[in-house]
There are 2 protein chains.
Amino acid sequence: MALNVPELIRAKRQGQPLDPASLKEFIDGYVAGQVPDYQVAAFLMAVFFRGMTPEESAALTRSMVESGEQYRLEGIEGPKVDKHSTGGVGDKVSLVLVPLVASAHAIVPKVSGRGLGHTGGTLDKLSSIPGFRWELGREEFLNVLRKAGCAIIGQTDSFVPADKRLYALRDVTATVDSIPLICSSILSKKVAAGMESLVMDVKVGSGAFLEEDEEARALAAALVEVGAALGKKVSAVITQMGQPLGHAVGNALEMREALDVLRGEGPSDVRDVVLRIGGEMLLLAGLAEDAEAGRAELAKRLGDGSALEKFRQWVEAQGGDPRVADDPDMLEVSGETAVVEAREGGYIQSIATRDFGVAANLLGAGRAKLGDDVDLAVGLAVHRKVGDRVEKGDPLVTIYHRGGRSLKEAETILRGGIVAGPEKPPPLPLFPVTL
Amino acid sequence: MALNVPELIRAKRQGQPLDPASLKEFIDGYVAGQVPDYQVAAFLMAVFFRGMTPEESAALTRSMVESGEQYRLEGIEGPKVDKHSTGGVGDKVSLVLVPLVASAHAIVPKVSGRGLGHTGGTLDKLSSIPGFRWELGREEFLNVLRKAGCAIIGQTDSFVPADKRLYALRDVTATVDSIPLICSSILSKKVAAGMESLVMDVKVGSGAFLEEDEEARALAAALVEVGAALGKKVSAVITQMGQPLGHAVGNALEMREALDVLRGEGPSDVRDVVLRIGGEMLLLAGLAEDAEAGRAELAKRLGDGSALEKFRQWVEAQGGDPRVADDPDMLEVSGETAVVEAREGGYIQSIATRDFGVAANLLGAGRAKLGDDVDLAVGLAVHRKVGDRVEKGDPLVTIYHRGGRSLKEAETILRGGIVAGPEKPPPLPLFPVTL
């Protein structure tokens, strides 16, 4: 290899922008085992401190995309648009949006992750549908897209291997929370999956990866810029994660709630986030005059059954039983429940949202490390939101559980994590920051 | 291991000071193979950006000392004082100072390195003495100190292994030039060798590791501070490396020049640096009222033969032939010479000192990588200094060589690296920065 790796690290350390060819050689060398982890780790920490220009971040992203298989979708007609969330508690938006936007004639080619940490994973939620298969190769992925116009699949080993290796390394070297590295990680997977445009759902608040508005704004702006440098249309919406989205937290429970929304019902916050992001998706896809018109089109499709019909078609195309659309009881939920009640009257002041995600995981809904088993039937129904009035004894959270010590631990966390007080707190806006 | 390594890296990344126990666990884990290189690399880069307090740097140093064998010198009477140079071209100061200061009743327990990069190594220079052995274990080291009051030995594998591993990692991760890491690398070896006080010779200029006055001042100040945090007396002198020190560059040639100085002769710049640092050493060792008195004492010992007598005694104690002291021709120098002449008259404007070191290495005087052989008999005699008047055809540099292509390359470098011009340039002060 001609690349002088210490010189590349030094250049980044000194804040000099790196050229695309060097970055590509560096990433290729890493994936090929020629550049060792320790040099990449030093590089990542230098990036943490020095940042990257949008052009550098785009070049890094391209190198990562080229490290593995690309799902070229040229053979599939229609605008390819995707959405991506930075992750939250109760975030079932993709489960609704993917068929909904496909019902409006966009192609939605989604490659998703499994849940890790305190946030749930879309693939786990989909696994609650009997028969649903998301471990599909490229040909199957294309077939589903041709049949249904949308697909949600998992990552194969050959899908952006550079991202897998970099992410694992960032995780153990305290270099996860670097904006250019987050951008290239997210966008590399989207580009490799064939998207042409993307709407980012950047979550902010106590249950999100980013807790501060300014951080969320910076990440959203960077994603848009790097997307543009990649020649893709990327826009971003910053949404509230200061409390769980909707009521359901946990896999089958969230799938049920997503079906409520697809049926034109369900919690208004989930619906509003879906329509806001979906309107942007139709705009970027060239299927709506503006985001407002896109929202109206999608609201109509939630109301007239066409979203739910697309859901049936899609689920069937991925091997799932489409009857779940009309019989949510097919999504198995534990019959053992416990209720956390209000200890005193007042207004809900705050919800420790991340802790709620942790509590759901304790019950079995998520995994602490890759490879852990997930219990699809457990989770939470969060009955009250910040600002709601409660009386002593009112149910705050219903826990769907399997008994045992984890129930006690979850109860303790939940009881401490939802706080009532005498004053009505300021409302938590669903869209707290505009770009 | 109880230590959460990513959390430790994150804390350093965020600029939080680390506690000594965590640093020790981290270094112990690294040396034991429990903490992988990539986590240490990320840590080192975080230290590059965030620095360390003197207390952290001292704790890191202590952990490194404790990673290997320590040459405890309690059984040897007398104040233990050492000197250390950050490295330069033509730096033969240790060869003079070690016996000189020992002749004034200090114990000088020196563990030295071999040459690497553009600077020469003290051990290589000593190897030009017939019979001289520096690969000594602890017992032999103590015996030499008992006999002669001074010793210069090489590092064994068990000597500060943490430094060896960290240095090798820093070298390939662009984290060499971090002041706290330099401090802990230098001081760990000095402490492990048993020094109680230390005078640092921080070189500055075109032939030094640090080219800028401010960098040298910062390193010198940090070494003094970290030394104090370690409970050691450390002082620092910043000396000129904008041109080679003395005239000789190359192993046997430098050994010959050192003998000139030990004999009360030799180039005045070498002598002045020796006396300045030596005066400080006697002061720190409690053997002089002040540095000035120390200098006077040492000047006397250069003049009256007692320094040279100590040299003989020391060399004999390490297996060398003491007759070199009186017969410098025993230090073999190549008979093949070439002369670089002035192409025009004028004043010497500048000497590309690092390039002179590189040229000497090309001739065979140094090594590009550990394990390379060194030719002790080749090198340079630099006849002119910055500010000297020369006429066209005057000899500027004599090259002691073995012929071949390397001679041509060295000639080209040297010719381009010593520049004459019509104006007399400002002088290069021997002590350009005071602390």
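Quick caveat, the model's predicted, so the values are computed rather than measured. (Residues numbered from 1 in each chain as written. Chains lettered and ligands numbered in written order. Predicted model: local features only at pLDDT ≥ 70, side-chain atom pairs only at ≥ 80, totals over all residues. Heavy atoms only, no water.)

## Quick word on the overall build of chain A
Here comes step 1: On a plain count of helices and strands, chain A comes out with 16 helices and 12 strands.
Here comes step 2: Taking 435 residues into account, the globule formula puts the C-alpha radius of gyration at 22 Å, and chain A, at 22 Å, falls close to it.
Here comes step 3: Based on the C-alpha atoms only, the size of chain A along its principal axes is roughly 70 × 45 × 40 Å.
Here comes step 4: For chain A, with 435 residues in total, the buried portion stands at 58%.
Here comes step 5: Of the contacts made within chain A by residues no fewer than 6 positions apart, 78% connect residues no fewer than 24 positions apart.
Here comes step 6: Accessible area for chain A stands at about 16,300 Å²; split by element, carbon and sulfur atoms hold 48% of it. (Helix = DSSP H or I, 4+ residues; strand = E, 2+ residues; numbered from the N terminus. Rg over C-alpha atoms; globule rule 2.2 N^0.38 Å. Buried < 20%, exposed > 50% of the residue type's maximum accessible area, 1.4 Å probe, protein only. Contact = heavy atoms within 4.5 Å. Areas by Shrake-Rupley, 256 points an atom, 1.4 Å probe, with all protein chains shown as cover.)

## Section: the relation of the copies chain A and chain B
Here comes step 1: Of the transformation placing chain A onto chain B, the axial shift is 0.1 Å and the rotation is 180°, giving an RMSD of 0.0 Å. What the rotation and shift describe, once combined, is the action of a two-fold rotation axis. Among all residues of chain A, the minimum C-alpha distance to the rotation axis is found for A:Tyr38, at 1.9 Å.
Here comes step 2: Interface residue correspondence from chain A to chain B reaches 100%, placing this contact among same-surface, isologous pairings. (Least-squares fit on C-alpha atoms with pLDDT ≥ 70 in both.)

## Brief notes about the sheet that holds strand β10 (residues 389–390) of chain A
Whether parallel or antiparallel, the strands of a sheet pair through hydrogen bonds between backbone atoms.
Residue and element names in this part refer to chain A.
Here comes step 1: A sheet is described by the order of its strands in space; here 3 strands give the open sequence β10-β8-β12, paired in antiparallel fashion. Edge positions in the sheet fall to β10 and β12 (418–421), since each of these pairs with one other strand and no more.
Here comes step 2: Across 4 bridges, strand β8 (residues 346–351) lies against β12 in antiparallel orientation. Within β12, the position partnered with Ile348 by the bridge is Ala420.
Here comes step 3: Sitting on the sheet, helix α16 (residues 405–417) is in contact with β8 and β12, with an inclination near 35° to β12. (Pairing = 2+ DSSP bridges. Axes fitted to C-alpha atoms, helices over the stretch in contact; angles between N-to-C directions.)

## Some points on the interface of chain A and chain B
Here comes step 1: Taken together, the contacts link 22 residues of chain A with 22 residues of chain B.
Here comes step 2: By the criterion of area lost to chain B, the three top residues of chain A are A:Arg13, A:Tyr38 and A:Phe49, representing 35% of everything that side buries.
Here comes step 3: Scanning the region where chain A abuts chain B turns up 4 salt bridges.
Here comes step 4: Residues A:Arg10 and B:Asp177 are paired through a salt bridge, measuring 3.4 Å at the closest nitrogen-oxygen approach.
Here comes step 5: At the boundary of chain A and chain B, one finds 8 residue pairs in polar contact (both at pLDDT 80 or more).
Here comes step 6: Elements represented by at least two residues in the side of chain A that touches chain B include exactly α1 (5–13), α3 (37–50) and α8 (161–172) of chain A.
Here comes step 7: For the side of chain A that touches chain B, the element with the highest residue contribution is α3(A), accounting for 10 residues. (Buried area = accessible area lost by both parts, 1.4 Å probe. Salt bridge = Lys/Arg side-chain N within 4 Å of Asp/Glu carboxyl O. Polar contact = N/O pair within 3.5 Å; in protein donor to acceptor, adjacent residues only side chain to side chain.)

## Focus on the confidence of the model for chain A
Here comes step 1: Per-chain confidence: chain A averages 95 in pLDDT, with 99% of residues scoring 70 or above.
Here comes step 2: For this predicted complex, the interface score ipTM comes out at 0.88, while the overall pTM is 0.90. (pLDDT = per-residue confidence, 0-100.)

## Observations regarding the domain arrangement of chain A
Here comes step 1: Looking at the assigned domains, one finds that chain A contains domain 1 (5–51), domain 2 (81–328) and domain 3 (331–421).
Here comes step 2: Put simply, the middle of domain 1 of chain A and the middle of domain 3 of chain A, counted by C-alpha atoms, are 43 Å apart. (Domains from an automatic or database assignment.)

## Digging into unusual backbone geometry
A negative phi angle characterises most non-glycine residues, just as the trans form characterises most peptide bonds.
Here comes step 1: With phi around 80°, A:His105 is a residue other than glycine that occupies positive phi space.
Here comes step 2: As for its position among the elements, A:His105 is in the loop between α5 (93–103) and β2 (108–112).
Here comes step 3: Under the relative-accessibility criterion, A:His105 is labelled exposed at 57%.
Here comes step 4: One non-glycine residue, B:Val160, lies in the positive phi region at around 45°.
Here comes step 5: Mapped onto the secondary structure, B:Val160 falls in the loop between β3 (150–154) and α8 (161–172).

## Focus: the pairing of strand β3 (residues 150–154) of chain A
All names here are of chain A.
Here comes step 1: By the criterion of burial, β3 is predominantly enclosed, with 5 of the 5 residues buried.
Here comes step 2: Of the two faces of β3, both are covered, the one formed by Cys150, Ile152 and Gly154 as well as the one formed by Ala151 and Ile153.
Here comes step 3: Bridge analysis of β2 against β3 gives 5 bridges, and the strand direction is parallel. Following the sheet pairing, Pro109 is matched in β3 by Ala151.

## Some thoughts on helix α7 (residues 138–148) of chain A
All names here are of chain A.
Here comes step 1: Within α7 the residues assigned to the buried category are Phe141, Leu142, Val144, Leu145 and Ala148. Buried residues of α7, seen end-on, are gathered within an arc of 160° and therefore sit on one face of the element.
Here comes step 2: Structurally, α7 contributes buried residues whose contacts are with α5, β2, β3 and α14 (306–317). (Arc of directions from axis to C-beta.)

## Quick notes on the sheet that holds strand β10 (residues 389–390) of chain B
All names here are of chain B.
Here comes step 1: Taken together, 3 strands build an open sheet; the order of strands is β10-β8-β12 and the sheet is antiparallel. The open sheet terminates on both sides in strands that have one partner only, identified here as β10 and β12 (418–421).
Here comes step 2: Note: strand β8 (residues 346–351) against β10, 2 bridges, orientation antiparallel. Bridge pairing in β10 places Tyr347 opposite Arg389.

## Considerations on the packing of helix α4 (residues 54–65) of chain A against helix α10 (residues 213–229) of chain A
The packing of two helices is summarised by the inter-axis angle and the distance between the axes.
Residues and elements named next belong to chain A.
Here comes step 1: Where α4 meets α10, the axes come as close as 8 Å, and the angle between the chain directions of the two elements is 65°. In terms of axis orientation, α4 runs roughly perpendicular to α10. Here α4 runs over α10; the crossing is right-handed. Here Pro54, Glu55, Ser57, Ala58, Thr61 and Arg62 of α4 come into contact with α10, specifically with Glu225, Val226 and Ala229. (Parallel < 35°, antiparallel > 145°, perpendicular 65-115°, else oblique. Left-handed = near helix turned anticlockwise from the far one by under 90°.)

## What to know about the packing of aromatic side chains
Here comes step 1: Counting across every chain of the model gives 13 aromatic pairs over all chains.
Here comes step 2: Consider the rings of B:Phe311 and B:Trp314, whose centres lie 5.7 Å apart with planes at 80°: the pair is edge-to-face. Separated by 3 residues within a single helix, B:Phe311 and B:Trp314 lie in helix α14 (residues 306–317), roughly one turn from each other.
Here comes step 3: Ring pairs connect the aromatic residues A:Phe48, A:Phe49, B:Phe48 and B:Phe49, which therefore count as one cluster.
Here comes step 4: Over the ring of B:Tyr30 we find B:Arg165; its NZ or CZ atom is 4.1 Å from the centre of that ring.
Here comes step 5: It is B:Arg389 that lies over the ring of B:Tyr347; its NZ or CZ is 5.2 Å from the centre. (Phe/Tyr/Trp six-rings, centres within 6.5 Å; stacked < 30°, edge-to-face > 60°. Lys NZ or Arg CZ within 6 Å of the ring centre and 35° of its normal.)

## A short note on the pattern of salt bridges
Here comes step 1: Under the defined criterion, the tally for this structure stands at 62 salt bridges over all chains.
Here comes step 2: One salt bridge connects B:Arg384 with B:Asp394, and the closest N-O pair in it is separated by 3.3 Å. With B:Arg384 in the loop between β9 (379–382) and β10 and B:Asp394 in the loop between β10 and β11 (395–401), the pair connects residues that are 10 residues apart, well separated along the chain.
Here comes step 3: Ionic contacts of the salt-bridge type, sharing partners, join the residues A:Glu7, A:Arg10, A:Arg13 and B:Asp177 into one network.

## Some remarks on the packing of helix α5 (residues 93–103) of chain B against α14(B)
All names here are of chain B.
Here comes step 1: Interaxial distance between α5 and α14 falls to 8 Å at its minimum, and their mutual angle equals 105°. The orientation of α5 with respect to α14, classified from their angle, is roughly perpendicular. Residues Leu95, Pro99, Leu100, Ala102 and Ser103 of α5 lie in contact with α14, whose contacting residues are Ser306, Ala307, Lys310, Phe311 and Trp314.
Here comes step 2: Among the residues forming the contact of α5 with α14, the class breakdown is 7 nonpolar, 2 polar and 1 charged. (Nonpolar A, V, L, I, M, F, W, Y, C, P; charged D, E, K, R; others polar.)

## What to know about the environment of B:Tyr30
Residue and element names in this part refer to chain B.
Here comes step 1: Looking at the secondary structure, you find Tyr30 in helix α2 (residues 20–31).
Here comes step 2: Residue classification places Tyr30 among the buried residues on the basis of a relative accessible area of 1%.
Here comes step 3: As for Tyr30 and Arg165, which are separated by 135 residues in sequence, their C-alpha atoms are 8.7 Å apart.
Here comes step 4: Contact partners of Tyr30, with chain neighbours within four places excluded, come to Val35, Asp37, Val40, Arg165, Leu166 and Leu169.

## Quick notes on the side chain of A:Ser94
Residues and elements named next belong to chain A.
Here comes step 1: Considering the arrangement of structural elements, one finds Ser94 in helix α5.
Here comes step 2: A relative accessible area of 7% means that Ser94 is categorised as buried.
Here comes step 3: A polar atom in the side chain of Ser94 sits 3.0 Å from the side chain of Lys83.
Here comes step 4: Setting aside chain neighbours within four positions, we find Ser94 in contact with Lys83, Pro99, Lys110, Thr122 and Ile152.

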